[in-house]
Amino acid sequence: MAKKLGHSIIDIRPSLVSLKVKEKDLNICKELQGLSLKNVSIKLLENNKKIYDDFGEMLFTHFGVSGPIILSGSAHLRDRNIKDVKIIIDFKPALSEQKLDDRILRDFEGEKNKDFKNSLNELLPQKLIPVIIYLSKIDPNKKVNEITREERIRLVKLLKNFELDIDDFGDIEEAIITAGGINIKEINPKTMESKLVKGLYFAGEIIDVDGYTGGFNLQIAYSTGYTAGLN
Ligand SMILES: Cc1cc2nc3c(=O)[nH]c(=O)nc-3n(C[C@H](O)[C@H](O)[C@H](O)COP(=O)(O)OP(=O)(O)OC[C@H]3O[C@@H](n4cnc5c(N)ncnc54)[C@H](O)[C@@H]3O)c2cc1C
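Note that the coordinates shown come from a computational prediction; the quantities given were computed from them, not determined experimentally. Each chain has its residues counted from 1, following the order in which its sequence is written. Side-chain atom pairs in this predicted model are given and counted only at pLDDT of 80 or more, local residue features only at pLDDT of at least 70, and totals for whole chains, interfaces and linings cover all residues. No hydrogens and no water enter the side-chain calculation; it runs on all heavy atoms of the structure.

## What to know about the overall build of the chain
- When you go through the chain residue by residue, the secondary structure sums to six helices and eight strands.
- Each helix is a run of DSSP H or I of at least 4 residues and each strand a run of E of at least 2, with the numbering of both proceeding from the N terminus. Its helices and strands in sequence order give the chain the pattern β-β-α-β-β-β-α-β-α-α-α-β-β-α, from N to C terminus.
- Projected onto the principal axes, the alpha-carbon positions of the chain cover approximately 80 × 30 × 30 Å.
- Note on contacts: a residue pair is in contact if any heavy atoms of the two residues lie within 4.5 Å. Of the contacts formed within the chain by residues at least 6 apart in sequence, a portion of 72% connects residues at least 24 apart.
- Side chains of the chain carry 35 positive and 35 negative charges; the gap between the two charge centres is 2 Å. We count Lys and Arg on the positive side and Asp and Glu on the negative side, and we leave His and both chain ends out. Charge placement uses NZ in Lys and CZ in Arg. For Asp and Glu, CG and CD serve respectively.

## Some points on the packing of helix α3 (residues 97–110) against helix α5 (residues 149–160)
- Between α3 and α5, the least distance of the axes is 10 Å, while the angle of their chain directions is 125°. Put simply, α3 runs oblique to α5. Once α3 is placed against α5, the crossing between them reads as right-handed. When α3 is examined against α5, the residues Glu97, Leu100, Asp101, Ile104, Leu105 and Phe108 are found in contact with a partner set consisting of Arg152, Leu155, Val156, Lys157, Leu159 and Lys160.
- In this count, Pro and Cys sit with the nonpolar residues alongside Ala, Val, Leu, Ile, Met, Phe, Trp and Tyr, while Asp, Glu, Lys and Arg are called charged and the others, Gly among them, polar. Taken together, the residues of the contact of α3 with α5 sort by class into seven nonpolar, no polar and five charged. Between N-to-C directions, angles span 0 to 180 degrees; the directions come from axes that are lines fitted to C-alpha atoms, helices contributing only their stretch in contact. Should an angle fall under 35 degrees it is taken as roughly parallel, and over 145 as roughly antiparallel, whereas 65 to 115 is taken as roughly perpendicular and any remaining angle as oblique. Should the near helix be turned anticlockwise from the far one by less than a right angle, the crossing is left-handed, and should it be turned clockwise, the crossing is right-handed.

## Looking at the packing of aromatic side chains
- Here a pair means two rings of Phe, Tyr or Trp (six-membered ring of Trp) with centres within 6.5 Å. Their orientation is stacked below 30 degrees between planes, edge-to-face above 60, and tilted elsewhere. Enumeration according to the criterion identifies two aromatic pairs in this entry.
- Aromatic side chains Phe108 and Phe116 sit 6.4 Å apart centroid to centroid with 90° between the ring planes, which places their arrangement in the edge-to-face category. The burial state of Phe108 is the same as that of Phe116; both residues are buried. In this scheme, a residue with accessible area under 20% of its type's maximum is buried, one over 50% is exposed, and one in between is partly exposed, where area comes from a 1.4 Å probe on protein chains only.

## Description of the packing of helix α4 (residues 128–136) against α5
- The geometry of α4 relative to α5 is characterised by a closest axis approach of 10 Å and an angle of 125° between their N-to-C directions. In terms of orientation, α4 lies oblique with respect to α5. The way α4 lies across α5 gives a crossing that is right-handed. Between α4, through Ile132, Leu135 and Ser136, and α5, the contact on the second element is made entirely by Arg154, Leu155, Leu158 and Leu159.
- Residues that form the contact of α4 with α5 fall into these classes: five nonpolar, one polar and one charged.

## Things to note about the domain arrangement of the chain
- The assigned domain composition of the chain is domain 1 (17–175) and domain 2 (176–230).
- Segment limits for the domains were obtained from an automatic or database-derived domain assignment. When each unit is reduced to the centre of its C-alpha atoms, the spacing between domain 1 and domain 2 is 39 Å.
- Summed over both partners, buried area is the accessible surface (1.4 Å probe) that two parts give up on being assembled. The largest share of the area that domain 1 buries against domain 2 comes from Ser72, Arg78 and Ala175, three residues that together contribute 59% of it.
- Put simply, a salt bridge is a Lys or Arg side-chain nitrogen that is within 4 Å of an Asp or Glu carboxyl oxygen. Here domain 1 is connected to domain 2 by one salt bridge.
- Where Arg78 meets Asp210, a salt bridge forms, and the shortest distance between an N and an O atom there is 2.6 Å.
- Each polar contact in these results corresponds to two N or O atoms within 3.5 Å; when the atoms are within protein, one needs to be able to donate a hydrogen and the other to accept it, and residues that are neighboring in sequence are counted only if both atoms are side-chain atoms. Viewed at the interface, domain 2 and domain 1 are joined by three residue pairs in polar contact (both at pLDDT 80 or more).

## A look at the site of the ligand
- Around the ligand, the structure places Ile176, Ile177, Gly204, Glu205, Gly215, Phe216, Asn217, Leu218 and Ala221.
- Within the side chain of Glu205, one N or O atom sits 2.8 Å away from an oxygen atom of the ligand.
- Asn217 is positioned with one of its backbone polar atoms (N or O) 3.1 Å from an oxygen atom of the ligand.
- Element by element, the count of residues in the shell around the ligand is highest for helix α6 (residues 216–230), at four residues. We call a residue near a molecule or strand when any one of its heavy atoms sits within 4 Å of it.

## Quick notes on the side chain of Thr191
- Its place among the elements puts Thr191 in the loop between β8 (177–182) and α6.
- Within polar-contact distance, the side chain of Thr191 engages the backbone nitrogen of Glu193 at 3.1 Å.
- When neighbours within four sequence positions are excluded, Thr191 is seen to be in contact with Tyr201, Thr227, Ala228 and Asn231.

## A look at the nonpolar core
- For this analysis, a nonpolar core means a set of buried residues of the types Ala, Val, Leu, Ile, Met, Phe, Trp, Tyr and Cys, connected via side-chain atoms within 4.5 Å. In this structure, Met58, Phe60, Ile89 and Ile132 are the most contacted members of the largest nonpolar core, which totals 49 residues.
- Ranked by the residues each element gives to this core, the list is headed by α4, at five residues.
- With residues near it in sequence (within four places) discarded, Met58 still touches Leu35, Ser36, Leu37, Val40, Ile42, Val65, Ser66, Gly67, Ile69, Ile70 and Ile89.
- Ranked by size, the runner-up nonpolar core spans seven residues in total, among them Ile182, Ile187, Phe202 and Ala228.

The following block contains the structure:
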């Protein structure tokens, strides 16, 4: 309707949205679907350059990743080539690599004759264990006292730098907000009236204004709605 009345529309894109993951040999997200993680940290890298990091909660879906820290991170990916973006998840951000290695070594020493596949129950959520075992390339049936230092280091690096390649944003229908919309240059910010059509007022999501998580988007809706209403 706004376009028909002569307004220009800034490209509409999803923001604060889940991310789709490029799957490789193992369909990681399908395997981990439904797994919700607390106290993890993530880094978003574009061509290996850090663009965002965060700490908190995230979850795996059948097509990728979602949850608070992913949604927040997604707002930093607009206008970037999303196919060049990687997420690095640190499943144990409270432990340095050395401390995590010490911890794993202690677990292994406690039960020397355990198979590797049964040795991670204390360290990781159940759903994550088969995926980590597969990606660690350590024989699942190996006794833990036969695991070499190199294999252990590989496991530690995997847990601290779990890498996923991003394929795309999640669907706009599922996004918390829409980036883009009616060009703000064509709206009088004091009244919210269109500069092109007298008596036409805009408010909220429809305008090319959006914010970060934390109530900013509701604030935009309320403030612009209030202003438009008064005028
Ligand atoms: C799951 C979810 C969680 C969110 N959480 C937060 C949060 O925690 N904090 C925050 O700040 N923001 C949050 N948001 C964003 C926030 O809800 C929106 O930015 C805000 O509601 C936008 O308000 P609005 O009035 O502009 O648009 P909307 O709330 O989308 O209202 C538009 C209304 O217009 C109606 N409509 C559409 N077309 C027509 C038509 N042709 N005729 C008549 N009616 C029509 C729609 O049915 C709708 O009721 C969240 C959004 C989602 C989806």
